[in-house]
Amino acid sequence: MIKLLFEFISGIVIFLGLALLGRDELVNFYSQALFITVVTFMLFLNAYNTLNLYYALEEQGIVNLIAEDGSVLLLLMISGAWIVYLTSLVLYSRVYSSIKPVLFSLTAFPVMLRYLSSPNQNEDPPLWLCICFGYAFYLMLMSIYQCIYDIVCHFITSVHIMQWMYRMYGLTVTVVFHWRRVKVPLCMMTLWLVLFLYNSLTFLLFSSETLTALQLFNLTMALTCNSVLSMTSCCFVIYRLAGYVLNIVKRYHHEDNIAPPGDPYSSPDGLREGFGFFFLGLYTGLSSSKISRKLVLLELIFYLIISALVRSMFEIAEPVLLGLASQPSIVYRKHLRVLSFCIFLLGASIYLALNLYFLKEKIPFITPNVITIAQIIAALVLYFLYLYESQQTQIWEALDDYVYFINGSCKVFEFAVISAVLFYRVCDFSLEWTLFQIVMALLHLYFNIWTPAKEGWHSLKQRHQVNQKLNSLPSATEKEIDELADVCSICLEELKAAKVTPCKHYFHSLCLRKWLNVQNKCPMCHTALLSL
């Protein structure tokens, strides 16, 4: 728990540092760090290699040394390293418009040679060498101080800018602005890719075991997911991959989609799959488990992520399917495309449910697939009902009751399954509860059980009151309809039978029922019709 808290706080600190520092400041910090690394470590390596070459020449002579295999290549490598170093030194001197890098090299080089060549480190160095060391150390401290000073100044300025943005635009806009400016998802995906490649190459180079590509991928994933930060980076990768798959599905149904465009933010985009992996990893303790347990947990988690992806694909195809069924003209090619896709999703959900059950032999793990299967079957039944209604010459008034019954039955089934899973988890005393699992169970209880139950009861109560009100309203006589000679103001169809509201307006009974299920006002004069 302490390790998890430390990683979380470290991630927040790093994110705030990146958010507060601009691109120029980060590039400046990177350039300063690279400058210090090149000038010190490269100089040290060159001094070490040059000194070894000098000792070899002193012992063997240049003729005997050149005669050995690989010695010429070694000479060329040392010469090339010095050329690269001197070139970098000249470039840094021109960039900073200062000869301090050259002076640092000239004063640090004899100190390094003394450190590498002196067999007795207890001997007192000469005065000139002490002066060289002091001046080189002074130049290094000045460079580090200047770098830190610039960062602190920019950091304070950025804090003032963030305070101004917070006062002007609020917390959400400020966080989103810096999130996009720093490109956090791209940084996290890059981190995961580097860790994944590092673990893959390490295993391939230093392990004698022979694995298939799938086994190597699973083992590398297990080695990569060793901390909360690496799991978070993997979360962004899954989010992006799932988004690509869902965009392909949207393009596939773009031609057939005749439904009105909805809210783009409510459309599935892979966020459920990405955060699902993160929360499942935290719930199961993936990062702190042993490799053997990680492999089993990763297989289970990926089955659940694919199940969530199937559900997201169905949420894209469902409005297309129901929209096509309500059209009077049937284009069999479009219907076949959407129907075959939904049947494919149904088969995929059944396959995933069976695999999850045989993997752990516990019913709660197949819950997402069972709910998806119920939703697909309900959508297919509604599709055929709408298709049948579109071929009728008269209005099918019982259709609304059938649709409500099917949707309500599906919701009740989902509620029963989710409640049974939570009850099963509470009654399973063989498993230990962690603090995170208790919090997730409480959130699950509120959002997936209490809220749907409250909304379902409110909907049922409102529909009952609507039916009671409609039954209490008088029906218009044929004489009244003939005298009115008007159309229904809701559907704009001819009035052959109508209900009369207390405000003396005439509507079809079915149209008025649908209207009152949405809002409790007369469509014409906005008089309240129900006492909810």
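The written sequence of each chain sets the order in which its residues are numbered from 1. Local features are withheld for residues below a pLDDT of 70 in this predicted model, meaning they are given only at 70 or higher, and side-chain atom pairs are given and counted only at 80 or more; totals for whole chains, interfaces and linings count all residues. Side-chain measures here rest on the full set of heavy atoms in the structure, leaving out hydrogens and waters.

S.K.: Can you help me understand the overall build of the chain in this one?
M.R.: The secondary structure content of the chain amounts to 17 helices and two strands. A 1.4 Å probe rolled over the protein chains alone gives each residue an accessible area, and that area as a share of the maximum for its type sets the label: buried under 20%, exposed over 50%, partly exposed in between. Counting all 532 residues of the chain, 34% fall into the buried class. Once local pairs closer than 6 in sequence are excluded, the contacts in the chain between residues at least 24 apart make up 69%. Reported accessibility uses the Shrake-Rupley method at a 1.4 Å probe radius. Residues are deemed covered only where the shown protein chains occlude them. For the chain, the accessible area works out to roughly 33700 Å², and carbon and sulfur atoms hold 68% of it. Labels follow the DSSP assignment, with helices taken as runs of H or I lasting at least four residues and strands as runs of E lasting at least two, numbered in each case from the N terminus. Every residue pair with non-hydrogen atoms within 4.5 Å of one another is taken to be in contact.

S.K.: Help me out: how do you make sense of the nonpolar core in this one?
M.R.: Soluble globular proteins: nonpolar side chains tend toward being buried together. Among the nonpolar cores identified, the biggest contains 42 residues, and Met313, Leu321, Leu345 and Tyr383 are the most heavily contacted of them. If you list the elements that add at least two residues to this core, you get α9 (228–252), α11 (291–325), α12 (332–360), α13 (367–390) and α14 (399–427). Top element by residues in this core is α11. It accounts for 14 residues. Leave out the neighbours within four places in its chain, and Leu321 touches Val338, Leu339, Cys342, Ala379, Leu380 and Tyr383. Think of a nonpolar core as a cluster: buried Ala, Val, Leu, Ile, Met, Phe, Trp, Tyr and Cys residues, connected wherever their side-chain atoms sit within 4.5 Å. Listed in part, the 20 residues of the second largest apolar core include Trp192, Phe196, Met231 and Ile238.

S.K.: Teacher, can you tell me more about a nonpolar patch on the surface here?
M.R.: The grouping of Leu435, Val439, Leu443, Tyr446, Phe447 and Trp450 at the surface amounts to a nonpolar patch, some 640 Å² of accessible area in total. Structurally, the position occupied by Leu443 is in helix α15 (residues 435–472). Here Leu443 falls in the partly exposed class, since its relative accessible area comes to 41%. Patch membership needs two things, relative accessible area over 30% and no salt bridge, and members are linked within 9 Å if like-charged or within 5 Å if nonpolar (Val, Leu, Ile, Met, Phe, Trp, Tyr). Only one rule defines a salt bridge in this text: a Lys or Arg side-chain nitrogen within 4 Å of an Asp or Glu carboxyl oxygen.

S.K.: I tried to follow unusual backbone geometry on my own but got confused; where do I start?
M.R.: Across the chain, the bulk of peptide bonds are trans and the bulk of non-glycine residues have phi less than zero. The backbone of Lys504 sits at a positive phi, close to 65°, despite the residue not being glycine. If you trace the backbone, Lys504 turns up in the loop between β1 (499–500) and β2 (506–507). By relative accessible area, which is 62% here, Lys504 ends up exposed.

S.K.: So what exactly am I meant to see when it comes to the confidence of the model for the chain here?
M.R.: In regions of low pLDDT, the predicted coordinates are not meant to be interpreted in detail. With 84% of its residues at a pLDDT of at least 70, the chain reaches an overall mean of 79. A residue's pLDDT is the predictor's confidence in that residue, given on a scale from 0 to 100. Confidence scores differ between elements of the chain, with helix α1 (residues 2–20) showing the lowest mean pLDDT of 55 and α9 the highest of 90.

S.K.: Honestly, a negative patch on the surface in this entry has me stumped. Any pointers?
M.R.: Residues Glu478, Glu480, Asp482 and Glu483 make up a contiguous surface patch of negative charge. Relative to the helices and strands, Glu483 is located in helix α16 (residues 478–484). Its relative accessible area of 61% is what places Glu483 among the exposed residues. Only four residue types enter the tally: Lys and Arg on the positive side, Asp and Glu on the negative side; His and the chain ends are excluded. The atoms used to mark charge sites are NZ of Lys, CZ of Arg, CG of Asp and CD of Glu.

S.K.: When you look at the packing of aromatic side chains in this model, what are you seeing that I'm missing?
M.R.: By convention here, two paired aromatic rings are described through the distance between centres and the angle between planes. We call Phe, Tyr and Trp rings a pair once their centres come within 6.5 Å, taking the six-membered ring for Trp, and we label the pair stacked below 30 degrees between planes, edge-to-face above 60, and tilted otherwise. All told, the structure shown has 15 aromatic pairs when counted by the stated rule. Judged by centre distance (5.8 Å) and plane angle (65°), the rings of Tyr357 and Phe358 are edge-to-face. Through a chain of ring-to-ring contacts, the aromatic side chains of Trp82, Tyr85 and Phe109 assemble into a single cluster. Its end group placed over the ring of Tyr252, Arg337 keeps NZ or CZ at 4.5 Å from the ring centre. Two conditions define a charge sitting above a ring: the NZ of Lys or the CZ of Arg must be within 6 Å of the ring centre, and it must be within 35 degrees of the ring normal.

S.K.: What's the story with the state of the cysteines in this structure? I'm lost.
M.R.: Disulfide: a covalent bond formed between the sulfur atoms of two cysteine residues. Two cysteine sulfur atoms form a disulfide, by the criterion used here, when they sit within 2.5 Å. Taken as a whole and judged by the stated rule, the model has zero disulfides. Free cysteine Cys130: the closest other cysteine sulfur is in Cys132, separated by 9.2 Å. Cys130 gets classed as partly exposed once you look at its relative accessible area, which sits at 40%.

S.K.: When you look at the side chain of His508 in this model, what are you seeing that I'm missing?
M.R.: Tracing the backbone shows His508 in the loop between β2 and α17 (509–518). In this structure His508 comes out as buried when scored by relative accessible area, which is 12%. Leave out the neighbours within four places in its chain, and His508 touches Cys488, Cys491, Glu493, Glu494, Leu495, Lys496 and Ala497.

S.K.: How do you make sense of the pattern of salt bridges when you look at a structure like this?
M.R.: Oppositely charged side chains can form a pair if their charged atoms are brought close together. In the structure shown here, the tally under the stated rule is two salt bridges. When the shortest N-O distance is used, the salt bridge between Glu315 and Arg272 registers 2.9 Å. A residue pair is termed long-range when its members are at least 10 positions apart, and Glu315 in helix α11 and Arg272 in helix α10 (residues 271–284) qualify at 43 residues. On the basis of relative accessible area, Glu315 is assigned to the partly exposed category, the value being 27%.

S.K.: Looking at this model, I keep getting lost on helix α5 (residues 127–169). Mind explaining?
M.R.: Owing to its 3.6 residues per turn, the α-helix aligns residues three or four sequence positions apart on the same side. Spanning 43 residues, α5 covers 62 Å between terminal C-alpha atoms, matching the ideal 63 Å at 1.5 Å per step. Gly170 lies just past α5 and shows a positive phi near 95°. Multiplying one less than the number of residues by 1.5 Å gives the expected span of a helix.

S.K.: Where do I start with the packing of α5 against helix α6 (residues 171–182) in this structure?
M.R.: When two helices pack together, their arrangement is given by the angle between the helix axes and by the axis-to-axis distance. Every angle, taken between N-to-C directions, lies between 0 and 180 degrees, and every axis is a line fitted to C-alpha atoms, over only the stretch in contact when it is a helix. Axis separation between α5 and α6 bottoms out at 7 Å; the angle between their running directions is 130°. As judged from the angle between their axes, α5 and α6 are oblique. Counted together, Met162, Met165, Tyr166 and Tyr169 of α5 and Leu171, Val173, Thr174, Phe177 and His178 of α6 form the full contact between these two elements. When grouped by side-chain class, the residues that make up the contact of α5 with α6 number seven nonpolar, two polar and no charged. Here the angle decides the label: under 35 degrees means roughly parallel, over 145 means roughly antiparallel, 65 to 115 means roughly perpendicular, and every other value means oblique. Ten residue types, Ala, Val, Leu, Ile, Met, Phe, Trp, Tyr, Cys and Pro, are classed as nonpolar, four, Asp, Glu, Lys and Arg, as charged, and the remainder, Gly among them, as polar.

S.K.: Where do I start with the packing of helix α4 (residues 100–117) against α5 in this structure?
M.R.: Taken N-terminus to C-terminus, the directions of α4 and α5 make an angle of 130°; their axes are 8 Å apart at the nearest point. When the axes of α4 and α5 are compared, the pair comes out oblique. When the axes of α4 and α5 are compared, the crossing they make is left-handed. Residue-level contacts link Lys100, Leu103, Phe104, Thr107, Ala108, Pro110, Val111 and Arg114 of α4 to Trp128, Leu129, Cys132, Phe133, Tyr135, Ala136, Leu139 and Met140 of α5. Per-class residue counts for the contact of α4 with α5 are 13 nonpolar, one polar and two charged. In this scheme the handedness of a crossing depends on how the near helix is turned from the far one: anticlockwise by less than a right angle means left-handed, clockwise means right-handed.

S.K.: Any chance you could explain the environment of Leu445 here in plain terms?
M.R.: Among the secondary structure elements, Leu445 is positioned in helix α15. Of the residues examined, Leu445 reaches a relative accessible area of 40% and is grouped as partly exposed. On a C-alpha basis, the gap between Leu445 and Ile418 in space is 9.2 Å, while along the polypeptide they are 27 residues apart. The contact partners of Leu445, leaving out residues within four places of it in the chain, are Leu422 and Trp450.

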